[in-house]
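What the coordinates show
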Amino acid sequence: MECRELTALALDGKLADSPGPIREKVAAHAERCSACRAQLLALEDTWGRLGEDPDLPLTPEFRRRTMALLEDEMLRARIREFVPPSRRWMRPLLEAAAVVVALVAGFAAARQIGPPASGRTASKTASAASLPENLEKAGALANVSYRPADPQGRIGVTFDVTSRETFLGRPDDPQMARLVAFLVSRGAQTAGEKSRAIDLVSAHYGLKESPASPDIVLALTNTLKKDQNPGVRKKAADALAGFRMTPEIRAAFLDALRTDRHPGVRLVAVEALAAAAKDSPDQKTIESLREKAFDPAENGFVRAKAASALKGIEF
Amino acid sequence: MKEKPAGADDRALIERIRLGDQDGAGELFERYAPALLRFADRLLSDRMLAEEVTQEVFVKVITRAHQYDGRAEVSSWLFAIAANACRDRRRRDRRANVVPLEAVPEPTSRGEGIEARLLSHERRAAVREALNALSEEQREALVLARYHGLPYSEIAGVLGISVGAVKTRIFRAVETLKARFHEGETSWNAAN
Ligand SMILES: [Zn+2]
C-alpha cells in the first residue's frame, strides 16, 4: 500500500468500516511509515474532535410551531390547486354545481368568457350605471364571471339574477367599483369565489391602474381581518399591498401583523408596511416591526423580514 | 447516525404530500427535521436561522412536491434545499463569524466539576469556531460527511459537484481543522 492510498482511505472516513485485509495493510504501512502514522493519528484526532460539537436539539416548541406552519401551507397548496391562475376555471365540476354560486374568473384576454350553457336565458348587457340600486337586495348572484378589459378599457361582470346580466364599465367607474367591492365582500361564497373576486381587484386596481375606491379598500381590509381562510386573507393582503398606502390600509396591516395566525399573511404585512415606511417612516410601523424582529415566538421568516425591513428604514 | 432509510418509503411520503395529505408532511418532518436542523445549525451557527431554514425546507417540499422527479434520494433533495437556503442566509446577512455562546448548547453535566465543565465548554466552542472558519464549500461537504454519514457520491449529488471535488473539499477542510486544533491545544497547554 502506498502513502497516497492510505491517505485517500483515511479521508474517506471509511477506515473503520473497511474489510479486515485492508485494515491490516493500513496498520502494516503505518507501522513502518512514520509520516502516515502521524497523519492517521492527526486525522483520527480531528474526526474525533469534531464529534465534540453537540447536536442542536429540536425543541417541542419548534416542532409545534413548524407543524402549524406546515398545516397552513398544505391548506394554501390546496387552495392553489383549487384556483389555478386561468386555465381550468371552466371545470365541469363548477358548471354542474347549479345550486352553488359559482364565481368564475378569467383574465386571459384571448379567452372567451362564458357562463355555463345549461338553463341560460336571454342575456342582457348594460352599463354599470344601470346597476340595481341595492345590490345586497338584488337576490343571489349566481354564475358570476368576469370579462377582461375591452378596447375602451371597460371590464365586464356577468351574473344571473333573474336573467343573465352583464355590466360593463371602466374600473374607475364608481358603479363598477361598487359592484367589485360588493363581489369581494358579499357573504356566502366559497374561498375560490372570493379569491377570484380579489384577483379581479388585483388585476384592475392599484398604483399603476385605477386607484381603488374606499369601498374596495374596505371590502379588502374586512376580508383581511375576518376571513377564515388564510389563503383568502393573504390574497386580500397582496391586493392591498399593491395600493398606495393610506391610514386605513396601514391600520389593517398593523392589525394583521399583530393578530393574524398565518405567517404568510404576517409576512405580506411586514413587506407592505416596510415598503411604505421607507418613504415616510411612521412610529407605529417601526415599533411593530421592532417587536416582531425580536419576538422569539414569531416565525423565523417574519422575524428576519422585520429585522431586514428595519435596516432599510431611515430613522 | 444514518439518515437514509428506505428510499421507496420517502418517495411515497412525497407523493402523499403532493396529494395534500397532512400526516405525510408530519411524518416527513419527524423523519428529517432533526437532521436538517443540525445541518443548518452547523452551517450557520445560529439557532434561529437554522430553525428558519428547516421550516423553509418543508414549506418548499409542500409547494414543490410536484417538481420532485424521484431520481435523487429524497434525503439528497432535502439536504440540497437546505444547503441552498443556508447559502442564501449567509449571503443575505453576512454576519461576523463568531459563535454566539448560546449556539453551543450545554449538555447536562451532572457530577462534573466546574473546571471540567468550563474545559469541555471551551473545547466545544473551539470545535464550532473551527467549523465556522472553514469556507462555505468545505464546511458543507465536511458536515455532510462527518455528521450525516453521507457517502461521497451522495454529497456530490446534494452539492451538485463531482465526487472528486467533494474529496478535495473534505481533504482541505480536514487539513485546516487539523492545523487549527493543534494550534488550539498548544495555546491551551501553554496557558496552564
Ligand atoms: Zn506512508
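This write-up is about the structure you can find in this document. What you see is a predicted model; the values in this text were computed from it and never measured. (Residues numbered from 1 in each chain as written. Chains lettered and ligands numbered in written order. Predicted model: local features only at pLDDT ≥ 70, side-chain atom pairs only at ≥ 80, totals over all residues. Heavy atoms only, no water.)

Description of the overall build of chain B
Short version of the rule: Put simply, DSSP H or I for four residues or longer makes a helix, DSSP E for two residues or longer makes a strand, and each gets a number counted from the N terminus. With a 1.4 Å probe rolled over the protein chains alone, any residue whose accessible area is under 20% of its type maximum counts as buried; one over 50% counts as exposed, and the rest are partly exposed. Whether two residues are in contact is decided by their heavy atoms: any pair within 4.5 Å suffices.
A tally of regular secondary structure across chain B gives 8 helices and 0 strands. Secondary structure elements of chain B occur, N-terminal to C-terminal, as α-α-α-α-α-α-α-α. The 192 residues of chain B split such that 51% are buried. Counted over contacts in chain B with a minimum sequence separation of 6, partners at least 24 positions apart contribute 66%.

Things to note about the overall build of chain A
Going by this rule: Only the protein chains shown count as cover for residues, and the accessible areas themselves come from Shrake-Rupley with a 1.4 Å probe.
When helices and strands are counted, chain A shows 13 helices and 5 strands. The buried share among the 315 residues of chain A stands at 48%. For chain A, restricting intrachain contacts to residue pairs at least 6 apart in sequence, the fraction spanning at least 24 positions comes to 60%. If you sum the accessible surface of chain A, you get close to 15,900 Å²; carbon and sulfur atoms cover 55% of it.

Comments concerning the pairing of strand β5 (residues 164-169) of chain A
Residues and elements named next belong to chain A. Where we set the bar: Here, any two strands with at least 2 DSSP bridges between them count as paired.
A large share of β5 lies buried, amounting to 6 of its 6 residues. Burial of the side chains of β5 extends over both faces: R164, T166 and L168 are buried on one face and E165, F167 and G169 on the other. As paired strands, strand β4 (residues 155-160) and β5 are joined by 6 bridges and run antiparallel to one another. Its bridge partner lying in β5, F159 is registered against E165.

Some points on the environment of R91 of chain B
Residue and element names in this part refer to chain B. Definition in use: Nitrogen and oxygen atoms within 3.5 Å of one another constitute a polar contact, given that in protein one can donate a hydrogen and the other can accept it, and given that sequence-neighbouring residues count only through two side-chain atoms.
In this structure, R91 sits in helix α4 (residues 74-92). Judged by its relative accessible area of 48%, R91 is partly exposed. Side chain to side chain, R91 and E136 meet in a polar contact 3.2 Å long.

What to know about the pattern of salt bridges
Note the threshold: Note on definitions: salt bridges are taken to be side-chain nitrogens of Lys or Arg within 4 Å of carboxyl oxygens of Asp or Glu.
Here the structure, examined in full by the defined rule, presents 37 salt bridges over all chains. Taking the shortest distance from any N to any O, the salt bridge between D41 of chain B and R128 of chain B comes out at 2.9 Å. Taken as a pair, D41 of chain B in helix α2 (residues 22-44) and R128 of chain B in helix α5 (residues 114-133) lie far apart in primary sequence, 87 residues in all. Residue class for R128 of chain B comes out buried when judged on its relative accessible area of 0%. Between R47 of chain B and E51 of chain B there is a salt bridge whose closest N-O contact spans 3.5 Å. Of this pair, R47 of chain B and E51 of chain B are both found in helix α3 (residues 47-64), 4 residues apart, which corresponds to roughly one turn of the helix. Under the relative-accessibility criterion, E51 of chain B is labelled buried at 7%. Through salt bridges with shared partners, a single ionic network connects D53 and D55 of chain A together with R38, D41, R42 and R128 of chain B.

What about the packing of α2 of chain B against α4 of chain B?
Residue and element names in this part refer to chain B. Here is the rule we go by: To define axes, lines are fitted to C-alpha atoms, for helices over the stretch in contact only, and angles between the resulting N-to-C directions are given on a 0 to 180 degree scale. Crossings are classed by handedness, with left-handed meaning an anticlockwise turn of the near helix from the far one by less than a right angle and right-handed meaning a clockwise turn.
Viewed as axis vectors pointing N to C, α2 and α4 meet at an angle of 35 degrees, and their least axial separation amounts to 10 Å. Classified by chirality, the crossing of α4 by α2 is right-handed. Contacts between α2 and α4 involve L28, Y32, A35, L36, F39, A40, L43 and L44 on the former and, on the latter, V74, S75, L78, F79, A82, A83, C86, R89 and R90.

Section: the packing of helix α6 (residues 136-148) of chain B against helix α7 (residues 152-159) of chain B
All names here are of chain B. To keep it simple, the criterion reads: Under this scheme an angle from 65 to 115 degrees is roughly perpendicular, one under 35 degrees roughly parallel, and one over 145 degrees roughly antiparallel; angles in between are oblique. Residue polarity follows a fixed list, in which Ala, Val, Leu, Ile, Met, Phe, Trp, Tyr, Cys and Pro are nonpolar, Asp, Glu, Lys and Arg are charged, and the others, Gly among them, are polar.
Packing of α6 against α7 leaves a shortest axis separation of 10 Å and a crossing angle of 140 degrees. Taken as axis vectors, α6 and α7 run oblique relative to one another. Handedness of the α6/α7 crossing: right-handed. Residue-level inspection shows E140, A141, L144 and A145 of α6 in contact with α7, the latter providing Y152, I155, V158 and L159. For the contact of α6 with α7, a count of residues per class yields 7 nonpolar, no polar and 1 charged.

Re the coordination of the zinc ion
Residues and elements named next belong to chain A. This is how it is decided: Shown as donors are all N, O and S atoms within 2.8 Å of a metal ion, widened to 3.2 Å for Na, K and Ca; because water is not in the atom set, sites may appear incomplete. Sites are called tetrahedral only when four donors show all angles between 85 and 135 degrees, square planar or octahedral only when four or six donors show opposite pairs over 155 degrees and all other angles between 65 and 115, and irregular in any remaining case.
The zinc ion binds to the protein through C3 (SG), H29 (NE2), C33 (SG) and C36 (SG); the donor distances cover 2.1 to 2.4 Å. Each of the 4 donor atoms bound to the zinc ion contributes to angles spanning 98 to 114 degrees, and the resulting shape is tetrahedral. Within one chain, the residues donating to the zinc ion are spaced in sequence as C-x25-H-x3-C-x2-C. One end of the pair, C3, is in helix α1 (residues 3-11); the other, H29, is in helix α2 (residues 20-32), and 26 residues separate them in sequence. Assessed through its relative accessible area of 36%, C3 is described here as partly exposed.

As for the side chain of D53 of chain A
Mapped onto the elements of the fold, D53 of chain A is located in the loop between α3 (34-50) and α4 (60-82). With relative accessibility at 3%, the residue D53 of chain A sits in the buried group. Here R128 of chain B takes part through its side chain, which lies 2.9 Å from a polar atom of the side chain of D53 of chain A. Among all residues touching D53 of chain A, those that are not within four sequence positions of it are R42, R124, V127, R128, L131 and Y147 of chain B.

What about helix α8 (residues 214-226) of chain A?
Here is the rule we go by: The span expected for a helix works out to 1.5 Å for each residue beyond the first.
Here α8 of chain A contains 13 residues, and its C-alpha end-to-end distance of 18 Å stays within 8% of the 18 Å for a straight helix at 1.5 Å per residue. Within α8 of chain A, the full set of buried residues consists of I216, V217, A219, L220, T221, T223 and L224 of chain A.

Describing unusual backbone geometry
Residue and element names in this part refer to chain B. The backbone of S45 shows a phi angle near 55 degrees, a positive value even though the residue is not glycine. As for its placement among the helices and strands, S45 is situated in the loop between α2 and α3. Residue S45 is classed as buried on the basis of its relative accessible area of 4%.

Concerning the packing of aromatic side chains
Filter applied, for reference: The pairing test for Phe, Tyr and Trp rings, Trp by its six-membered ring, is centres within 6.5 Å, and the orientation test on the planes gives stacked under 30 degrees, edge-to-face over 60, and tilted for anything in between. Distance and angle both matter: a charge sits over a ring if NZ of Lys or CZ of Arg is within 6 Å of the ring centre and within 35 degrees of the ring normal.
Taken as a whole, this structure holds 4 aromatic pairs over all chains when the rule is applied. For the ring pair F62 of chain A and F29 of chain B, a centre distance of 6.3 Å and an interplane angle of 45 degrees mean the geometry is tilted. Taken together, the residues span two chains, with F62 of chain A in helix α4 and F29 of chain B in helix α2. Among the residues examined, F29 of chain B registers a relative accessible area of 0% and is labelled buried. With 4.9 Å between their ring centres and 35 degrees between their planes, Y68 of chain B and W77 of chain B make a pair best called tilted. We classify W77 of chain B as buried; its relative accessible area is 17%. Clustering of aromatic rings is evident, with ring pairs tying together F62 of chain A together with F29 and F58 of chain B. For the cation-ring pair, R49 of chain A lies above F181 of chain B, with the distance from its terminal atom to the ring centre recorded as 4.6 Å.

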